[in-house]
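# Results of the structural survey
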Amino acid sequence: MQQSSQTAEQTFTDIMLWRPALKNFLTVFSPLFMAMDKLSNEMVTNFDLFALPACQPERMQNGISILADFNFPDLAQPLAHISAQLSGQLQALPNLQGNVDPYQKYFAQVHLSEQAILWRSIVTNDANILQELAEKLNLDAAILHFLAKFFFSVLLKALVTKTYGASDISKEWPWDTNNVWQQGYCPVCGAYPTIGWLDKPTIDERNTYLLEGGGRKHLHCGLCGANWRFLRLSCPNCGINESKELEMLTCTDNTHGESLDHCSKCNSYYPLVDLRERINIPHLDAQALGMLHLDLIAHEKGLMPLRLSFWNSFN
Ligand SMILES: [Zn+2]
Ligand SMILES: [Zn+2]
């Protein structure tokens, strides 16, 4: 049986049925997520994009992400395009309402020298890196960071698709071959994953022969869209390899395969979805946002998200 991959909207619709309390929140972000995917896909074919470097197994075995020392060409044009195309969806976000224009003006022509600063703040997830720049521009560093993450994400997802092929849950990525990538951070951009997933059994459809039992762990990068295989009983943050330190946290009896994986040594956690318990393949970025109820529990327990995002930073 072929399982279909959901759009962000379809995943949000499922989650809103299961957790009506999240309805208002998810309804606000659904159009933005849909627009980002559409734009990213369009840019793969309609935009004159450069390709990212090929996967080099020797570098990757040493834990060096593909973009670790990559010199991006001038991104002013794609950033301006993305910012303009997402304008309507951003205007609708309650936390930005009435405050998007000065940022759009900035992203319409980002200077080359500032692109590297934006990139560094995104990949390390540190808004403070933008403080000086924001002061110079008379903008708010946190909002600049928030928007830059969305814009770079659209661009990176297009670049990853163009270079390594479309992101399909059953695909073997170049860095999965011979398990050359063993790290808890993204093999392409170096960011920490936003969500993990356990795969379904693989069945040879012609003679219904079970090829793999499923349940292997993968991590997903919400920034560039890459996935990679990861050791089931290892912590992506501190690398500890002892099952007694790694715990799973779930919420209800009917979990829909949703849980949090957390590490009692370093106190980090990330959401995890077991695809063996799902009929359709959820949109992973929408799925991560829709597990906010578990982020709240993690926060109460004093755990830290592996990748800080706008929905899981409670200050
Ligand atoms: Zn990435
Ligand atoms: Zn840990």
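This text goes with the structure placed above it.
None of the values given here were measured: they were computed from a predicted structure.

### A look at the environment of D14
- Secondary-structure assignment places D14 in helix α1 (residues 8-18).
- What makes D14 partly exposed here is its relative accessible area of 24%.
- Residues D14 and L133 lie 119 residues apart in sequence; the distance between their C-alpha atoms is 41 Å.

### Side note on the coordination of the zinc ion (ligand 2)
- The protein atoms donating to the zinc ion (ligand 2) are C235 (SG), C238 (SG), C263 (SG) and C266 (SG), with metal-donor distances spanning 2.3 to 2.4 Å.
- Donor residues binding the zinc ion (ligand 2) come from one chain and are separated in sequence as C-x2-C-x24-C-x2-C. Here C235 is found in the loop between β5 (227-229) and β6 (246-249), whereas its partner C266 is found in the loop between β7 (258-263) and β8 (268-274), with 31 residues between them in sequence.

### Notes on the nonpolar core
- Of all hydrophobic cores here, the largest spans 94 residues; its most connected members are L86, L118, L144, W175 and V188.
- Of all the elements, helix α9 (residues 141-164) adds the most residues to this core, at 16 residues.
- Counting contributing residues per domain, this core is built from domain 1 (21-164) and domain 2 (174-305), each supplying no fewer than three.
- Once residues lying within four places of it in the same chain are set aside, the contact partners of W175 are C55, M60, I66, Y164, V180, W181, P187, V188, A226, N227 and W228.

### Overview of the coordination of the zinc ion (ligand 1)
- Looking at the metal site, the zinc ion (ligand 1) is ligated by C186 (SG), C189 (SG), C221 (SG) and C224 (SG), spaced 2.3 Å from it.
- For the zinc ion (ligand 1), the four donor atoms in the first shell make angles of 99 to 121° at the metal, so the coordination geometry reads as tetrahedral.
- In primary-sequence terms, the residues that donate to the zinc ion (ligand 1) follow C-x2-C-x31-C-x2-C.
- Residue C221 is classed as buried on the basis of its relative accessible area, which comes to 0%.

The rules we used
Residues numbered from 1 in each chain as written. Chains lettered and ligands numbered in written order. Predicted model: local features only at pLDDT ≥ 70, side-chain atom pairs only at ≥ 80, totals over all residues. Heavy atoms only, no water. Helix = DSSP H or I, 4+ residues; strand = E, 2+ residues; numbered from the N terminus. Buried < 20%, exposed > 50% of the residue type's maximum accessible area, 1.4 Å probe, protein only. Donors = N, O, S within 2.8 Å, 3.2 Å for Na, K, Ca; no water. Core = buried A, V, L, I, M, F, W, Y, C linked by side-chain atoms within 4.5 Å. Domains from an automatic or database assignment. Contact = heavy atoms within 4.5 Å. Tetrahedral: all angles 85-135°; square planar, octahedral: opposite > 155°, others 65-115°.

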